[in-house]
Amino acid sequence: MNYSKIVGENIKRARKDKGLTQKQVAKVFRMTQQQYSRFENGVFELNYQQLYEICKFLDITPNELFEF
């Protein structure tokens, strides 16, 4: 099971629920849209700090992020 892909899909869903684009979220986290896209697509894994910050920003819990 590819956990980074599942987490990425959950991040994507939460972002879309907030009506945000990848570019808008990437700007908040000081990265390019392409870099951010790699997290949503499961290419790169988020570290603990990034996980915490993305949950806080998207107003979701870690449980929602890791919901399988």
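Here, the structure is the one placed above.
Bear in mind that the values here come from a model prediction, so they are computed numbers and not experimental data. (Residues numbered from 1 in each chain as written. Predicted model: local features only at pLDDT ≥ 70, side-chain atom pairs only at ≥ 80, totals over all residues. Heavy atoms only, no water.)

Draft legend 1. Looking closely at the overall build of the protein chain. On a plain count of helices and strands, the protein chain comes out with five helices and zero strands. Scanning the protein chain from its N terminus toward the C terminus, one meets helices and strands in the order α-α-α-α-α. Its C-alpha atoms put the protein chain at 30 × 25 × 20 Å along the principal axes. Across the 68 residues that make up the protein chain, the buried fraction comes to 32%. Intrachain contacts of the protein chain at a sequence separation of at least 6 include 60% that bridge at least 24 residues. Carbon and sulfur atoms make up 51% of the accessible area of the protein chain, which totals about 4900 Å². The average position of the 11 basic charges and that of the 8 acidic charges among the side chains of the protein chain differ by 10 Å. (Helix = DSSP H or I, 4+ residues; strand = E, 2+ residues; numbered from the N terminus. Buried < 20%, exposed > 50% of the residue type's maximum accessible area, 1.4 Å probe, protein only. Contact = heavy atoms within 4.5 Å. Areas by Shrake-Rupley, 256 points an atom, 1.4 Å probe, with all protein chains shown as cover. Lys, Arg positive; Asp, Glu negative; His and termini not counted. Charge placed at Lys NZ, Arg CZ, Asp CG, Glu CD.)

Draft legend 2. Highlighting the nonpolar core. In terms of nonpolar packing, the biggest core is built from twelve residues, these being V7, I11, A14, V25, A26, Y36, L51, I54, C55, L58, I60 and L65. Residue assignment for this core shows that the elements contributing at least two residues are α1 (3–17), α2 (22–28) and α4 (48–58). With residues up to four places along the chain from it excluded, the contact list for L58 reads I11, A14, R15, K18 and L20. (Core = buried A, V, L, I, M, F, W, Y, C linked by side-chain atoms within 4.5 Å.)

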